[in-house]
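Examining the three-dimensional arrangement
Below, each chain spelled out in residue letters.
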Amino acid sequence: MSKPVGTPLSATIDAVVVGAGFGGLYALYCLRQMGFTALCLEAGDGVGGTWYWNRYPGARCDVESLQYSYSFSPELDQEWTWTEKYAPQPEILAYANHVADRFDLRRDIRFETRVVAATFDEKRALWLVETEGSDGRGGGTVEARFVLMAVGCLSSANKPPFEGMADFKGPIWHTGEWPKEGVDFSGLRVGVIGTGSSAIQPIPLLAAEAKALTVFQRTPNYSVPAWNAPLDPGHVASVKADYPALRAKARSRPTGFYFPFNAQPALEASPAERQRQYEEFWAKGGLPFLGAYGDLLFNKQANDTIADFARRKIRGIVKDPATADLLCPDNVFGCKRICVVTGYFETYNEPHVKLVDGSTTPIERVTADGIVVAGTLHPLDAVVCATGFAAMTGSYEKIRITGRNGLMLAEKWRAGPRTYLGVSSAGFPNLFMITGPGSPSVLASMIQAIEQHVDWMVDLMAHMRDSGARTFEPKVEHEDRWDEHLKEVSQLSLRSTCSSWYVGANVPGRPRVFMPYIGGFPVYVQKCNEVMDQGYDGFVLDDGQGGTRPGNAPPKVRLTKRWHVPLDMDVISPAMLAARRVPVV
């Protein structure tokens, strides 16, 4: 076990990892494998990251479980068996705990320790990481050469600042900070604020338990059935028989996970053909529904055909026409993350479930007895805020990060995050950002994105050890070019056309910037490989003796060797072509 909070370490360590979710666990594992000393700091009392905090009823992953898992260990692939098509939160958390125990990671994790500040000491080229106990007491300072931020993209709860919330007589919960012991809603009048994934998943279960359920909706979301079911043992066995092949195919797909994809443009098919295709993909369910045609996120007319299909499905399920109309989105299908659901729309057919439209008359205030919308009080005994997260950058905003010359990361990112490749930001030497803004992150399978980032980062650390470099950081001009490239590629996709958490629109006052890289996971991996093979082109490596290494010899490829895979040319998208790194065939 790690030393208790407040006890100073006896010596400076190589790396501090912030967060013990999937990113932090893998970073700790790789750092050890490469001979680095490391300590992981975690605010919770257990591992799991977002799957530790998000324990609300119905929470589960929207990537199929056989692919939402680590790929670094063939033995781990074989010994762990998933039970459902889409793994529920308890099973994912059990998997994270299994990984922590199997690889003996807990001894280097300091739990119930919150990082409050990180300051770069330029003279010593060290990060001073300040901590406090999760209860706000105690704390200490850890010194490290490197800091790896494994704080997650969806881990900072977005708590609504409605007037009068402190006056409400009943309990208020946020789905992103759900109590371990669970909540009993029996006999209660429950209000749910929000209709994103963290609302759509629990609503059917809350309705089954509550006396009355009122859902407060600002914007409806497209949802696709999960058709979740126990996994067939025969199917699991066939996957395990050749897991490396599935992993390789997944790494070469734009999303970082594999599913059947039809590259044909939607408008080249007849209406009858499109109807058959959409029905076929609807019957499969999940995020792969967007793979019915190749141009759905790049051609508005094509997108209109799938959006119309989805709205017809909603109207075919929800019996009350007025409620069905409120549940039908009018924006681009897929510009917000599609929700993968079980029984969501059917819930509104229950007599004790009510939908309140807040699109034109938002929530006015919360009173002791309920929520007021358009002058009408909706009496409630309990409130669930399913309002999502301050995505991508929210966890960085909670930590006072200070780089060279007193530069604050919060100040640099005031107009939106700026990074090079999403791995680091100029002015903050030796600070890594696992699945940071400017990388595929939430537009790819997160665990694969994590593994690729960590492998690349730890290989860079090993190269610095080999070459005697003391610090690394991006060049400003390369960061600027990457920022322009992000904007250029995002404008080709319909994903950037609506207000979503991809652009920070769910948090008042945030700059509207499309934060993830949309050019495709394999194209991004190829770019990272090129930067590495060219001696970390775009990064300055400083030896601490007044010299720099802007043109290093190619480093030794260690962990990143497995990411050198050919591109799957059958699923190249317009955004991937715009990335300018795809070979023309």
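Note that this is a predicted model, so its numbers are computed, not measured. (Residues numbered from 1 in each chain as written. Predicted model: local features only at pLDDT ≥ 70, side-chain atom pairs only at ≥ 80, totals over all residues. Heavy atoms only, no water.)

**Things to note about the environment of Thr367**
As a reminder, the rule being used: Helix and strand assignments come from DSSP, with helices taken as H or I runs of at least 4 residues and strands as E runs of at least 2, each series counted from the N terminus. Note on definitions: a residue-residue contact is assigned when non-hydrogen atoms from the two residues lie within 4.5 Å.
Mapped onto the elements, Thr367 comes out in the loop between β13 (363-366) and β14 (370-373). Sequence spacing of Thr367 and His378 is 11 residues, and the spatial spacing of their C-alpha atoms is 9.7 Å. For Thr367, the residues in contact, after removing those within four places along its chain, are Asp167, Phe168, Val372 and Leu377.

**Some words on the pairing of β13**
Put simply, the rule is: At least two bridges found by DSSP between two strands is the condition for calling them paired.
Here β13 runs beside β14; their pairing, made up of three bridges, is antiparallel. Its bridge partner lying in β14, Arg365 is registered against Val372. Joining the antiparallel neighbours β13 and β14 is a turn of three residues.

**Re helix α7 (residues 233-241)**
The condition is simple: Buried residues are those whose accessible area, probed at 1.4 Å on protein chains only, stays under 20% of the maximum for their type, while exposed residues exceed 50% and partly exposed ones sit between those limits. Directions are taken from the helix axis to each C-beta atom, and the arc is the one they span.
Regarding α7, the residues found buried are Val236, Val239 and Lys240. For α7, the arc enclosing every buried residue in end-on projection is 95 degrees, short of the 170-degree limit, so these residues lie on one face.

**Focus: the sheet that holds strand β15 (residues 376-379)**
Here is the rule: Angles shown run from 0 to 180 degrees and are taken between the N-to-C directions of axes, each axis being a line fitted to C-alpha atoms and, for helices, limited to the stretch in contact.
As summarised here, the arrangement of the three strands in space is β13-β14-β15, forming an open sheet in which the pairing is antiparallel. Single-partner strands in this sheet number two, and they are β13 and β15. Neighbour to neighbour, the strand axes of the sheet diverge by 25 degrees on average, direction disregarded. Alignment of β14 against β15, held across four bridges, turns out to be antiparallel. Note on β15: the bridge partner recorded for Val373 is Thr376.

**Digging into the confidence of the model for the protein chain**
Condition: Confidence scores labelled pLDDT are given residue by residue by the predictor and lie between 0 and 100.
When pLDDT is averaged along the protein chain, the result is 90; 91% of the residues meet or exceed 70. Here residues 1-10 scores under 50 on pLDDT; set against residues more than four positions off or in separate chains, the count is 23 contacts. Predicted confidence is poor over residues 580-585, with pLDDT under 50, and the contacts of this stretch with residues over four places away or in other chains come to 17 contacts.

**Let's talk about the packing of helix α1 (residues 22-33) against helix α15 (residues 446-467)**
Worth spelling out the cut-off: In a left-handed crossing the near helix is turned counterclockwise from the far helix by less than a right angle, and in a right-handed crossing that turn is clockwise. Gly is put with the polar residues, along with every residue not named as nonpolar or charged; the nonpolar set is Ala, Val, Leu, Ile, Met, Phe, Trp, Tyr, Cys and Pro, and the charged set is Asp, Glu, Lys and Arg.
Orientation of α1 relative to α15, taken along the N-to-C sense of each, is 35 degrees, at an axis distance of 9 Å. For the pair α1 and α15, the crossing hand works out as right-handed. Residues Phe22, Gly23, Tyr26, Ala27, Cys30 and Leu31 of α1 form the contact with α15, whose participating residues are Ile447, Ile450, Glu451, Val454, Asp455, Val458 and Met461. Residue composition of the contact of α1 with α15, grouped by class: 10 nonpolar, one polar and two charged.

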